[in-house]
Amino acid sequence: MEPTAYLQPAERITENSETEYTRSMRRQFPSFGIGCLIYSAFYAFCLYKNTSGITYPFFVIGTLCCFFFSMKKLGVPFKKDGVFYIAGITLLGISNCLTASLPILFMNKCGILLLSLILMLHTIYNDKAWNFPRYFTAVFQTIGSFFCCLISPFSDMVSYFDAQKQESPGKKSYFLPALIGIFIAIPLLFCMTLLLVGADAVFENMLFRLIDTLNILEVIKILVVITVVFFSSYALLAALCRKDIKEKTEEKAGFDPVIAIVFTSLLSILYLVFSMVQILYLFIGNMKLPENYTYARYAREGFFQLLTVCVINLLLVLICLYLFRESKPLRAILAIICGCTFIMIFSSALRMIMYIDSYALTFLRLFVLWALAVIFLLMAGVTVFIFYRRFPLFLYGLAVVGVCYIALSFSHPDYLIARYNLENGADYDYLSRLSADAAPAILDPSVNPYLVSVEDMLEKTSVDEDGHFIYPDYHNDLYWMKIYYREMEDHTGSMGIRDFNFSLYRAGKYVK
């Protein structure tokens, strides 16, 4: 019996880092190869030139089904606590077809990718004892293994047919020779076609008419997408099967806590002084400001700097907790830094609210307020972790960020921004550049106090022969509405079944 037979399948690693899962994947190459090919075609159907259509939720659900089907084929059991990740990924996929906001769409896709990676690691590894640094390194190790496995389809195919040949010496397989013939035929067909096109004008005309009819360029682009996704999906499965990441976290001695006590104590003194200034100047407002410096100006400055300090403090406390040995004085100092960070969060939020009150609301300003709320919740979890090290900080942080972001994603920020600005003095230029999410506010007379009706706005913003707007001076606030209206006309007029988006559909109701 082999020595590795005493190990569990997940731990059976040979000298060349080959696992039982890797061998199982190679033995079942036709299933995994054809499965990845079908998945890549499914990807192209759902997402090719379609970043926010109704097919996005189906793509996400289909991806999850393909992953768990692959895990079942490999003998990896399903973990019930993975439902949290599945719910988050599915909700973000649904959000993609409900919004037209580019920042939200971008962050949705980043969230889906990150949650998917964590779900895959959680499924294939025993990650109960993993912390923030462990997960961080695991994600990057998996990405590195992914690039190493990009040629796995070729190597696994060759190994599979070699094994088949050894098992059945008299049986001849035609698959590999046929595949080699196809690879030889592709460049030959291309070269010969070019020569024949130059040799006969009738053949050339017929070929180009065929190309125009079939739109060969689009076909080639789709085939490229399918090829890239095929190799990527197969390589990712192969990388997971390698199990390069050690499951058990080794307890390290850590650095001398005196080092951290020295620099954190100095920082805490600075933060205490700064926090006292915030309480006396900003929260209470009973101290004298510098000359030629108004209280409004003081309140509206520095929120981005404070946001940066809050993020740095969060990372600093985590670094001290994970890299240095436990120490009661260090815990006390870190608790003080956390308390000062809470004051900085309130200070930054108050400054931002005052700034919004004077200069209107934008997506960045709204996102800053959201980020401050998330940092507050994360720092509260870190404060608990300082005194209770068994607190599941990673899962808590993931839940906080996930739930808060999903709430932001489904809230349609552009609609909230448009509604707030229309009620409190609009920044017309900014409003005209909002996504279709804002249409129910901008093009609805019951919400927009500057709009009598869409028909009235169109009549008073006519266009001359050069495309310039013509409107009376007393109706100049309608100019930006016409720009927004035209943008909605362009974006809502060409939706099909694949790229149907509910936000664009709602906006289309206001466009005649």
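Since this is a predicted model, take the numbers as computed values, not measurements.

S.K.: Requested: an account of the overall build of the protein chain, with residues and values cited.
M.R.: Within the protein chain one finds 22 helices and two strands. A burial count over the protein chain gives 42% of its 512 residues as buried. Of the roughly 28,600 Å² of accessible surface on the protein chain, 68% is carried by carbon and sulfur atoms.

S.K.: I'd like to hear about a nonpolar patch on the surface, residue by residue, with values.
M.R.: Among the surface-exposed residues, F136, F140, I143, F147, L150, I151, F154 and F183 lie close enough to one another that they form a single nonpolar patch of about 830 Å² accessible area. Among the elements that take part in the nonpolar patch, helix α6 (residues 132-148) stands out by supplying four residues, more than any other. Its place among the elements puts F147 in helix α6. The class for F147 is exposed, based on a relative accessible area of 54%.

S.K.: Got a sec to walk through the packing of helix α15 (residues 363-387) against helix α16 (residues 393-410)? Specific residues and values, please.
M.R.: When two helices pack together, their arrangement is given by the angle between the helix axes and the distance between those axes. Packing of α15 against α16 leaves a shortest axis separation of 10 Å and a crossing angle of 160°. If you check the angle between α15 and α16, you find them roughly antiparallel. Both α15 and α16 take part in a crossing whose hand is right-handed. Across from F367, W370, V374, L377, L378, A380, G381, V382 and F385 in α15, the residues of α16 making contact are L393, Y396, G397, V400, V401, C404, Y405 and L408. Looking at the contact of α15 with α16 residue by residue, the classes come out as 15 nonpolar, two polar and no charged.

S.K.: Describe the side chain of T99, naming the residues involved and giving the relevant values.
M.R.: Relative to the helices and strands, T99 is located in the loop between α4 (83-96) and α5 (102-124). A distance of 3.1 Å separates a polar side-chain atom of T99 from the backbone nitrogen of S101. Not counting residues within four places of it along the chain, the set of residues in contact with T99 comprises S52, I104, L105, N108, H412, D437, N501 and S503.

S.K.: Now, about the pattern of salt bridges: what can you tell me, with residues and values included?
M.R.: Across all of its chains, the model carries ten salt bridges by this definition. The salt bridge involving K49 is made with E218; its shortest N-O contact spans 2.9 Å. Here K49 is found in the loop between α2 (29-47) and α3 (55-74), whereas its partner E218 is found in helix α10 (residues 216-242), with 169 residues between them in sequence. Residue K49 is classed as exposed on the basis of its relative accessible area, which comes to 59%. A cluster of three or more residues bridged by salt bridges with shared partners is formed by E20, R23 and R27.

S.K.: If you had to explain the nonpolar core to someone new, which residues and values would you point to?
M.R.: Core analysis: the largest hydrophobic core is formed by 123 residues, its most contacted members being V382 and L434. No other element matches the 13 residues that α15 contributes to this core. Discounting chain neighbours no more than four positions away, the residues touching V382 are L314, V317, L318, L321, C338 and L393.

S.K.: Lay out the state of the cysteines with the relevant residues and their values.
M.R.: Counted according to the given criterion, the structure contains zero disulfides. Sulfur of C66: no disulfide; nearest cysteine sulfur belongs to C65 and is 7.0 Å away. Free cysteine: C241, not disulfide-bonded; nearest cysteine sulfur from C149 at 8.9 Å.

S.K.: I'd like a rundown of the packing of aromatic side chains, residues and numbers included.
M.R.: Where two aromatic rings form a pair, the distance of their centres and the angle of their planes describe that pair. The final tally for this structure, using the stated rule, is 29 aromatic pairs. For the ring pair F136 and F140, a centre distance of 4.9 Å and an interplane angle of 55° mean the geometry is tilted. Residue F136 and its partner F140 are located together in helix α6, separated by four residues, close to a single helical turn. Owing to a relative accessible area of 55%, F136 belongs among the exposed residues under this scheme. Clustering of aromatic rings is evident, with ring pairs tying together F29, F154, Y160, F230, F231 and Y234. A cation sits over an aromatic face here: R134 above W130, 5.7 Å from the ring centre.

S.K.: Explain the confidence of the model for the protein chain residue by residue, including any values.
M.R.: For any part of a model where pLDDT is low, the fine detail of the predicted coordinates should not be relied upon. Counting all residues, the mean pLDDT for the protein chain is 84, and 86% of those residues have values of 70 or more. The element-level mean pLDDT for the protein chain is lowest in strand β2 (residues 469-470), coming to 54, with α4 highest at 95. Confidence over residues 1-16 falls short of pLDDT 50; this stretch has 15 contacts with residues more than four positions distant or in other chains.

S.K.: Outline helix α21 (residues 479-492), supporting the account with residue identities and numerical values.
M.R.: Helix length check: α21, at 14 residues, gives a terminal C-alpha distance of 20 Å against a target of 20 Å (1.5 Å per residue), a fit within 8%. Listed in full, the buried residues belonging to α21 are W480, M481, K482, Y484, Y485, M488 and T492.

S.K.: Before we move on, could you go through α16 and cite the residues and values that matter?
M.R.: Each α-helix winds once per 3.6 residues, and so residues spaced three or four apart point in a common direction. Between its first and last C-alpha, α16 extends 26 Å over 18 residues, near the 26 Å set by a 1.5 Å rise per residue. By the burial criterion, the buried members of α16 are L393, F394, G397, L398, V400, C404, Y405, I406, L408 and S409. A positive phi of about 55° marks H412, the residue just after α16.

S.K.: Just give me the short version of the environment of F255, but keep the residues and values in it.
M.R.: Checked against the element boundaries, F255 lands in the loop between α10 and α11 (257-284). Taking C-alpha positions, F255 is 4.6 Å from F324, a pair spaced 69 residues apart along the chain. Those residues in contact with F255 that sit more than four places away from it in its chain are L323, F324 and R325.

Cut-off values and rules
Residues numbered from 1 in each chain as written. Predicted model: local features only at pLDDT ≥ 70, side-chain atom pairs only at ≥ 80, totals over all residues. Heavy atoms only, no water. Helix = DSSP H or I, 4+ residues; strand = E, 2+ residues; numbered from the N terminus. Buried < 20%, exposed > 50% of the residue type's maximum accessible area, 1.4 Å probe, protein only. Areas by Shrake-Rupley, 256 points an atom, 1.4 Å probe, with all protein chains shown as cover. Patch = residues over 30% accessible without salt bridge, like charges linked within 9 Å, V, L, I, M, F, W, Y side chains within 5 Å. Salt bridge = Lys/Arg side-chain N within 4 Å of Asp/Glu carboxyl O. Axes fitted to C-alpha atoms, helices over the stretch in contact; angles between N-to-C directions. Parallel < 35°, antiparallel > 145°, perpendicular 65-115°, else oblique. Left-handed = near helix turned anticlockwise from the far one by under 90°. Contact = heavy atoms within 4.5 Å. Nonpolar A, V, L, I, M, F, W, Y, C, P; charged D, E, K, R; others polar. Polar contact = N/O pair within 3.5 Å; in protein donor to acceptor, adjacent residues only side chain to side chain. Core = buried A, V, L, I, M, F, W, Y, C linked by side-chain atoms within 4.5 Å. Disulfide = S-S within 2.5 Å. Phe/Tyr/Trp six-rings, centres within 6.5 Å; stacked < 30°, edge-to-face > 60°. Lys NZ or Arg CZ within 6 Å of the ring centre and 35° of its normal. pLDDT = per-residue confidence, 0-100. Expected span 1.5 Å × (residues − 1).

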